[in-house]
Amino acid sequence: MLQLVVNGLVLGSILALAAIGLSMMYSILNFANFAHGDFLALGAYLTFVFSAILGVHLILAGAIAVVITALVAVCCDYVIWKPMRKKGAGSVTLIIISIGLALFLRNLIIFLWGPDLKRYDLPVKRGIELGSVVITQNQIVVIIVAVICMFLVHYLLKKTTIGKAMRALSDNINLAKASGIDVDRVIRYTWAIGMALAAVGGILYGLITNINPNMGWFMLLPMFAAVILGGIGSPYGAMLGGIIIGLAQELSTAILPTEYKLAVAFVIMIVVLFVRPRGILGS
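Thresholds, definitions, all that
- Residues numbered from 1 in each chain as written.
- Predicted model: local features only at pLDDT ≥ 70, side-chain atom pairs only at ≥ 80, totals over all residues.
- Heavy atoms only, no water.
- Helix = DSSP H or I, 4+ residues; strand = E, 2+ residues; numbered from the N terminus.
- Rg over C-alpha atoms; globule rule 2.2 N^0.38 Å.
- Buried < 20%, exposed > 50% of the residue type's maximum accessible area, 1.4 Å probe, protein only.
- pLDDT = per-residue confidence, 0-100.
- Salt bridge = Lys/Arg side-chain N within 4 Å of Asp/Glu carboxyl O.

Digging into the overall build of the protein chain
A tally of regular secondary structure across the protein chain gives 11 helices and two strands. The helix and strand sequence of the protein chain, counted from the amino end, reads α-α-α-α-β-β-α-α-α-α-α-α-α. Relative to a compact globule of 283 residues, whose C-alpha radius of gyration would be 19 Å, the protein chain shows 19 Å and is just as compact. The dimensions of the protein chain, computed from C-alpha atoms along their principal axes, are 60 × 50 × 35 Å. The proportion of buried residues among the 283 residues of the protein chain is 49%.

A word on the confidence of the model for the protein chain
This prediction gives the protein chain a mean pLDDT of 87; 99% of its residues lie at or above 70. Of all the helices and strands in the protein chain, strand 1 (residues 128-130) carries the lowest mean pLDDT, 74, while helix 2 (residues 36-53) carries the highest, 93.

Considerations on the pattern of salt bridges
Following the criterion strictly, the structure yields five salt bridges and no others. Put simply, Arg106 and Asp38 hold a salt bridge, and the shortest N to O gap is 3.0 Å. On the criterion of sequence distance, the pair formed by Arg106 in helix 4 (residues 91-113) and Asp38 in helix 2 is long-range, its members being 68 residues apart. Here the two residues Arg106 and Asp38 agree in accessibility, since each one is buried. Note that Arg85 and Asp77 form a salt bridge whose closest N and O atoms lie 2.8 Å from each other. Residue classification places Arg85 among the partly exposed positions, given a relative accessible area of 25%. Judged by relative accessible area, which is 0%, Asp77 ranks as buried.

What follows is the structure in structure tokens.
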């Protein structure tokens, strides 16, 4: 059971990190971005290309992949989302466009790097044994990096000018415009930060298992569950929801086959929403 808790914390850290960006985009643009998971996969594959194929050190490769993913997201805002905002496109239209973008990114990954499983070129190291629990070095790295990124997000939202502007847009975008805030600039920052966090989540996922072109889609559903469970539009709720969903998925394998763990996570989400319809930290 303790081993499952450790595995759940590792998975939950990745989900929490990736779900923050999804929540931020919903709170500001008021639509569910179905391409979020495929940006996660893009970050993982770019890291694989730079590290395993081009021979760049994994840390530097990951940093380059995060920057490129953020730049791709900003370019998508210029080319796709900003024109749609000017035309007053509704949330349903934006969701359909995001699904199309997700399919494009997924098939682009398959076209460039093939449909087969990929794995980072990492040395195999013996895990750290703590009684009956075995923790690998990569799992420790995942948790540490996720905690650092979450702290940085907290600092960004609470202490920086751009973070306060993001919170203003989340509360009332029309009032933010009237206050002189450059809305398009803040949205671009939000896209860059949100997709950068998704890329980091994909890289961390690649540290503990294989990567594949469909990984973003399979992680998208737990990410949505984390966002809804924690409270739609709340980055802190997304963090908490991700940890709960990760723990629920892994602990359920103690009594159920692994293929049911995603369903268990959604059952927990539904039960919590019966008690708190706006989510744990929703307002």
